[in-house]
Amino acid sequence: MATGHSMDAARWQAVLDQARARIAGRFRRVEPRATARAFILGLLSVDPNRGNSRR
């Protein structure tokens, strides 16, 4: 898979949807699936207020 800055938003969405589809069967209810998706989106997001612990 390519690095983050070489992929456009539509490609990121497609890759995220593929990942979600692969793990969807592990959750019986919709709510945990949505929480897992939000967690992954948070990990991948760029937030200037988040700080960098690798300075």
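In short, a report on the structure. (Residues numbered from 1 in each chain as written. Predicted model: local features only at pLDDT ≥ 70, side-chain atom pairs only at ≥ 80, totals over all residues. Heavy atoms only, no water.)

Comments concerning the environment of Arg37
Move 1: Turning to its location among the elements, Arg37 is positioned in helix α2 (residues 30-44).
Move 2: Overall, the relative accessible area of 27% leaves Arg37 in the partly exposed class.
Move 3: Linking Arg37 and Ala24, residues 13 residues apart in sequence, is a C-alpha distance of 9.8 Å.
Move 4: With near-sequence residues (within four places) excluded, Arg37 lies in contact with Gln13, Leu16, Asp17 and Arg20. (Helix = DSSP H or I, 4+ residues; strand = E, 2+ residues; numbered from the N terminus. Buried < 20%, exposed > 50% of the residue type's maximum accessible area, 1.4 Å probe, protein only. Contact = heavy atoms within 4.5 Å.)

Examining the pattern of salt bridges
Move 1: Going through the model one piece at a time under the given rule, you end up with one salt bridge.
Move 2: Put simply, Glu31 and Arg29 hold a salt bridge, and the shortest N to O gap is 3.3 Å.
Move 3: For Arg29, a relative accessible area of 51% puts it in the exposed group. (Salt bridge = Lys/Arg side-chain N within 4 Å of Asp/Glu carboxyl O.)

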